[in-house]
Amino acid sequence: MSSININKKYRLPDIAKDLISAHIQQNLIEDNFDWIKSFVKDGKLIGGGKIKPKGCKNNYEIVFEYDPNKKGRKENIFVIDKAIKFGKVPHLYNNHSLCLYHPSDLSPYMQFNFVDAIPWISKWLVTYELWLKYGIWLDKEVKH
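Residues numbered from 1 in each chain as written. Predicted model: local features only at pLDDT ≥ 70, side-chain atom pairs only at ≥ 80, totals over all residues. Heavy atoms only, no water.

A.B. asks: Would you mind showing me how to read the pattern of salt bridges here?
C.D. replies: Close approach of charged atoms allows side chains with opposite charge to pair. The tally for this structure, following the rule as stated, stands at 2 salt bridges. Between Arg 73 and Glu 75 there is a salt bridge; the shortest N-O distance is 3.4 Å. Look at Glu 75 and you get buried, because its relative accessible area is 2%. Salt-bridge contacts for Asp 139 lead to Lys 123; the nearest nitrogen and oxygen are separated by 3.4 Å. Remark: Lys 123 occurs in helix α2 (residues 118–134) and Asp 139 occurs in the segment after α2; sequence separation between them is 16 residues. (Salt bridge = Lys/Arg side-chain N within 4 Å of Asp/Glu carboxyl O. Buried < 20%, exposed > 50% of the residue type's maximum accessible area, 1.4 Å probe, protein only. Helix = DSSP H or I, 4+ residues; strand = E, 2+ residues; numbered from the N terminus.)

In structure tokens:
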């Protein structure tokens, strides 16, 4: 038997890394949300699309990244719109990604399904437009 010389050119796969979840979420999204286009790269689901939720006046471009291997919050969802004054809008994280839920809303015993968060984007956008109109966030909230 010959020995194999493993050097820096060859890396063994990280068997602890989840390489399947992003593909599963991508298939679920493709089957249920025709406005989203996505791809998987390095175990992360990346995508976006344009949406005009029922009850909204405007169309919005959304982009997202879902990383099942990330600790804590695994998704970042962004609205790409120059009209939004991100410094003043409630329910955004510091990187301007959407705050769609409070971590305590999720079960500590079940895996988070990213596809379940997709309808929450529409809800956030409707609530955002109502906030613009009335100046009050008309949904349950936990202050940041």
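After that view, the rundown keeps rolling.
A.B. asks: Help me understand the packing of aromatic side chains in this model?
C.D. replies: For any pair of aromatic rings, the description consists of the separation of the ring centres together with the inter-plane angle of the planes. Inspection of every chain in the model, using the stated rule, returns 6 aromatic pairs. Considering the side-chain rings of Phe 64 and Phe 114, the 5.0 Å spacing of their centres and the 50 degrees angle between planes classify their relative orientation as tilted. Separated by 50 residues along the polypeptide, Phe 64 in strand β3 (residues 60–66) and Phe 114 in the loop between β4 (75–80) and α2 bring together distant segments of the chain. Neither Phe 64 nor Phe 114 differs from the other in exposure class; each is buried. Cluster of aromatic residues (ring-pair linked, three or more members): Trp 124, Tyr 128, Trp 131 and Trp 137. (Phe/Tyr/Trp six-rings, centres within 6.5 Å; stacked < 30°, edge-to-face > 60°.)

A.B. asks: What should I look at first to understand the sheet that holds strand β2 (residues 44–51) in this one?
C.D. replies: Sheet strands pair via backbone hydrogen bonds, and the direction of the pair is either parallel or antiparallel. The sheet built from 4 strands is open, its strands ordered β1-β2-β3-β4 with antiparallel pairing. What marks the edges here is a single partner per strand, and that holds for β1 (37–41) and β4. Across the sheet, the mean angle separating the axes of adjacent strands is 15 degrees when strand polarity is ignored. Pairing analysis gives 6 bridges linking β3 to β4, with the strands arranged antiparallel. Across the sheet, the residue bridging to Glu 61 is Ile 80, located in β4. Against the sheet, helix α1 (residues 21–32) contacts β1, β2 and β3, and its axis sits at roughly 170 degrees relative to β1. Across the sheet, α2 is in contact with β2, β3 and β4; its angle to β3 comes to roughly 135 degrees. (Pairing = 2+ DSSP bridges. Axes fitted to C-alpha atoms, helices over the stretch in contact; angles between N-to-C directions. Contact = heavy atoms within 4.5 Å.)

None of this, on its own, says anything about what the molecule does.
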